[in-house]
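# Results of the structural survey
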Amino acid sequence: MNPTFLPPLVLRVFSALSFPRKLGICERMFGGSLARHGIAWVDFGGFRWKLNLANPTHRWLVYREYEELAVSWLLQRILLPDSVVVDSGANIGQMVLMYLWNGPPARVFAFEPTPAAREWLEECVAENSLRSVHVSSVALGETARSARLIAHDFGFKEGAQNQVADGGEGLEIEITTLDAVAVAQKLESIRFWKLDTEGHELPALKGAVGILERAAIDYLYVETADAGPAICAFLEARGYAPVTLQLDRRLTTAEACARFTNLFVSPRVAQMECKLR
């Protein structure tokens, strides 16, 4: 068995708490000392995950949070024993571990076309004997076809900013659609879809138009960036509303889409769960 790094007690105490600006505060307190451990298997009390602790986004997992949206609390509230989760751009499984902590859901479909990141994720899945997590090498897009994965060397990012393109010198990959996956896997509904594919989000959404028009995806967590207006218009045309998770744990309708990351809810969720307590 691989040697395990157990975070110090004071960090484990902080990680168990929920408070505003948690990531920034924990990073200032613990980031430097964690970074010195480099690549290590981290014991999370039930799961062992390989992390590069020199990578700030990997350290987020040690703090038990993802970005600053209080995603951990949200997942704990919405994931059910029969939930299906889709993770597009799964990388080494940062969000996969969040699902497992806070559900766990019945099935997780993790799509990661970057070989190094996918193999890392598969190693973690095997280490924990996670039969509910299905890892795929294909990317999600608008149509089923071949494409290129353009690699960007950002050192310890583990391929997190690689991009799908129609040409270039990149690795040849396969693309499928979420609609096709839903048919093949007999998915009647999806509870949560995290979509972070470095600019390929809108094509992936267009490849899910069938299931979206049935309002069969309850929550979408989408990196919007420069495509934000087009993504928001596409989803709002299908009844999905951008929402904001407030510090007092209320979901409220957003006046406008955020610049980088947005949470969207289906019409049913907007009507039935507009206030999460």
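Our subject is the structure listed above.
Residues numbered from 1 in each chain as written. Predicted model: local features only at pLDDT ≥ 70, side-chain atom pairs only at ≥ 80, totals over all residues. Heavy atoms only, no water.

### A short note on the overall build of the protein chain
Just so we agree on the cut-off: Starting at the N terminus, helices and strands are each numbered in turn, a helix being any DSSP run of H or I of at least four residues and a strand any DSSP run of E of at least two. Using a 1.4 Å probe on the protein chains alone, a residue whose accessible area is under 20% of its type maximum counts as buried, one over 50% counts as exposed, and one in between counts as partly exposed. Contacts are assigned to residue pairs with any non-hydrogen atoms lying within 4.5 Å of each other. The accessible surface values rely on the Shrake-Rupley method and a 1.4 Å probe; as for residues, cover is taken only from the protein chains in view.
Helix and strand counts for the protein chain stand at 11 helices and 15 strands. Buried residues in the protein chain amount to 51% of all 277 residues. A fraction of 70% describes how many contacts in the protein chain between residues 6 or more apart in sequence connect residues 24 or more apart. Per element, the accessible surface of the protein chain, about 12,600 Å² overall, is 54% carbon and sulfur.

### Quick look at the packing of aromatic side chains
Formally: Pairing of aromatic side chains requires ring centres within 6.5 Å, counting the rings of Phe and Tyr and the six-membered ring of Trp. Pairs whose planes differ by under 30 degrees are stacked, by over 60 edge-to-face, and all others tilted.
Applying the stated rule across the entire model yields six aromatic pairs. Arranged with centres 5.5 Å apart and planes meeting at 90°, the rings of Trp-60 and Tyr-66 form a pair that is edge-to-face. A connected cluster of aromatic rings, assembled from ring pairs, spans Phe-14, Phe-19 and Phe-30.

### Details of the pattern of salt bridges
Cut-off, in case you're wondering: We define a salt bridge as a side-chain nitrogen of Lys or Arg found within 4 Å of a carboxyl oxygen belonging to Asp or Glu.
Taken as a whole and judged by the stated rule, the model has seven salt bridges. Here Asp-87 and Lys-194 are joined by a salt bridge, their closest N and O atoms 3.0 Å apart. Residue Asp-87 is located in strand S4 (residues 84-88), and its partner Lys-194 is located in strand S11 (residues 190-195); the two are separated by 107 residues in the primary sequence. Of the two residues, Asp-87 and Lys-194, neither departs from the other in class, the shared state being buried.

### Topic: the sheet that holds strand S3 (residues 48-52)
Formally: Think of it this way: DSSP has to see at least two bridges between two strands before they count as a pair.
The strand order S1-S2-S3 describes an open sheet built from three strands, whose pairing is mixed. For this open sheet the edge positions go to strand S1 (4-5) and S3, each flanked by a neighbour on one side alone. In this sheet, S3 lies alongside strand S2 (residues 39-43) in antiparallel orientation, the contact comprising five bridges. By the bridge assignment for S3, Asp-43 is matched with Arg-48.

### Comments concerning the environment of Val-84
With respect to the helices and strands, the residue Val-84 is situated in strand S4. Given a relative accessible area of 8%, Val-84 falls into the buried group. Separated by 48 residues in the primary sequence, Val-84 and Ser-132 have C-alpha atoms spaced 9.8 Å apart. Every residue in contact with Val-84, bar those within four places of it in the chain, is listed here: Arg-107, Phe-109, Leu-187, Ser-189, Ile-190, Arg-191 and Phe-192.

### Points about the pairing of strand S12 (residues 217-223)
The buried fraction of S12 is high, at six of seven residues. Examined bridge by bridge, S11 and S12 share five bridges and lie parallel to one another. Within S12, the position partnered with Ile-190 by the bridge is Ile-217.

### Here we look at the packing of helix H1 (residues 9-16) against helix H2 (residues 22-35)
Defined as follows: Fitted lines through C-alpha atoms give the axes, limited to the stretch in contact for helices. The angle between two N-to-C directions lies from 0 to 180 degrees. Working definition: roughly parallel below 35 degrees, roughly antiparallel above 145 degrees, roughly perpendicular at 65 to 115 degrees, and oblique for all remaining angles. Here is the rule for handedness: rotate from the far helix to the near one, and if that takes an anticlockwise turn smaller than a right angle the crossing is left-handed, while a clockwise turn gives right-handed. In this classification, the charged set is Asp, Glu, Lys and Arg, the nonpolar set is Ala, Val, Leu, Ile, Met, Phe, Trp, Tyr, Cys and Pro, and all remaining amino acids, among them Gly, are polar.
It is the contact of H1 with H2, at a shortest axis distance of 11 Å, that shows an interaxial angle of 160°. What the angle tells us is that H1 and H2 run roughly antiparallel. H1 and H2 meet at a crossing whose hand is left-handed. Contact with H1, carried on its side by Val-10, Leu-11, Phe-14 and Ser-15, involves Lys-22, Cys-26, Met-29, Phe-30 and Leu-34 of H2 and no other residues of that element. Of the residues that constitute the contact of H1 with H2, the class distribution is seven nonpolar, one polar and one charged.

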